[in-house]
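Structural features, examined
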Amino acid sequence: MRTKIFFLSLLLALASLGSVQVYTQQEEDVRGAFLTTRPKAKTAAPSSRPSRRRPKPVSPPNPVVVTTPSPNPGPIATPRKASPQRLGLGVTLFMRDSSGLSVRTNPSRIFHKGDRVRVLLETNADGYLYVFNTTDDGQPIMIYPDAQLDEAGNFIQGHVPWEIPSSLATEERLKWFTFDQTTGAEKLYFVLSREPLAGVPIEDDLITYCRETSGKCPWGPAADVWAQIKKELDEPVKIAKADKAGKSQTEPEQQAATRGIGLNRDDPEPSLIMLTASTSKNILIATMDLIHKSEVGTANPND
């Protein structure tokens, strides 16, 4: 008994120093369910960066008809159905440091004008990813998909990470989300859906909308569409967190995010993992709060 108490005390002491991460049972279950669906080995890099557009349907091959009956065929095996999978989403927030490098940062920190952040996202299944933003609970806007990024597509493959915005963007302003002079409470809504959301434009529809309605992009959902999306927030979501702030983005993470290479089980874990409680859910919504304040000693123009 004393040995167990001593060992537990040692773990807690090391955790407080940041050398050991201690998880609750639920966090272990969430991480296990998410990470074990990663492949054991890396998938080959595609010849080009994968498209974010919806995959084209593949025509089934012509069936092969066997005309010669087999003697003593025996019992026919019933094909196994794939077990339903809970939707999972991993999120890691990176901040641009003074050297221009991407460093993991804690979303609970205070952000100021000029700070630049980027989100690395990883799902455990193919689906469609949307990111909405509100400031001080105001009107939502859709910051991804974006008519200027990825051909306005938002299809994401399971365990192939994607960074938003992309570090490969042609302009520096498109590589990061930059905090401006308007302070407030920012909330990000990450929506992962097995199918495209009804009433939300993507791809050519979004590009056309932004071209024909100059000055009205980013696109914002109508009240009824937003209410339907937010209804999913009432569904239970299991969460696991890991505090790894201050660590630079690893080369495997950077290569995977920019070349479309799948992550394997040995690669770094997302800082935050969210998993639907039910396997029957076709949509997962997770939120992240970011606090944006003026610098100490400067006036807040909104005060």
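What counts, and where the lines are drawn
- Residues numbered from 1 in each chain as written.
- Predicted model: local features only at pLDDT ≥ 70, side-chain atom pairs only at ≥ 80, totals over all residues.
- Heavy atoms only, no water.
- Helix = DSSP H or I, 4+ residues; strand = E, 2+ residues; numbered from the N terminus.
- Buried < 20%, exposed > 50% of the residue type's maximum accessible area, 1.4 Å probe, protein only.
- Contact = heavy atoms within 4.5 Å.
- Areas by Shrake-Rupley, 256 points an atom, 1.4 Å probe, with all protein chains shown as cover.
- Phe/Tyr/Trp six-rings, centres within 6.5 Å; stacked < 30°, edge-to-face > 60°.
- Polar contact = N/O pair within 3.5 Å; in protein donor to acceptor, adjacent residues only side chain to side chain.
- Disulfide = S-S within 2.5 Å.
- Salt bridge = Lys/Arg side-chain N within 4 Å of Asp/Glu carboxyl O.

**Digging into the overall build of the chain**
The helix and strand tally for the chain stands at five helices and 13 strands. For the chain, the proportion of its 303 residues judged to be buried stands at 39%. Considering only intrachain contacts with a sequence separation of at least 6, the fraction spanning at least 24 residues in the chain is 83%. As presented, the chain carries roughly 17,800 Å² of accessible surface, and 54% of it is formed by carbon and sulfur atoms.

**Some words on the packing of aromatic side chains**
In the structure shown here, the tally under the stated rule is five aromatic pairs. Consider the rings of Phe 111 and Phe 179, whose centres lie 4.9 Å apart with planes at 10°: the pair is stacked. Residue Phe 111 is found in strand 3 (residues 110–111), and its partner Phe 179 is found in the loop between strand 9 (177–178) and strand 10 (184–193); the two are separated by 68 residues along the sequence. For the pair shown, Phe 111 and Phe 179 are each scored as buried. With a centroid separation of 6.5 Å and 10° between ring planes, the pair formed by Tyr 130 and Phe 132 is classed as stacked. Per residue, the accessibility class of Tyr 130 equals that of Phe 132, and both read buried.

**Some words on the side chain of Arg 38**
Note on placement: Arg 38 falls in the loop between helix 2 (25–35) and strand 1 (88–96). Among the polar contacts listed, one links the side chain of Arg 38 to the side chain of Glu 122, at a separation of 2.8 Å. A distance of 3.1 Å separates a polar atom in the side chain of Arg 38 from the backbone oxygen of Asp 267. Aside from chain neighbours lying at most four places away, what touches Arg 38 is Glu 122, His 159, Leu 263, Asn 264, Arg 265, Asp 267, Pro 268, Glu 269 and Pro 270.

**Here's the deal with the state of the cysteines**
Across all of its chains, the model carries one disulfide by this definition. The disulfide that involves Cys 210 links it to Cys 217, with 1.8 Å between the sulfurs. Where Cys 210 bonds to Cys 217 through sulfur, the torsion about that S-S bond is close to -85°, and the disulfide is left-handed.

**Regarding the pattern of salt bridges**
Scanning all chains against the criterion turns up eleven salt bridges. A salt bridge links Arg 53 to Asp 204; the shortest N-O distance between them is 2.7 Å. Separated by 151 residues along the polypeptide, Arg 53 in the loop between helix 2 and strand 1 and Asp 204 in helix 3 (residues 203–212) bring together distant segments of the chain. Since its relative accessible area comes to 22%, Arg 53 is described here as partly exposed. A residue is classified by how much of its surface remains accessible, and Asp 204, at 45% relative accessible area, is partly exposed.

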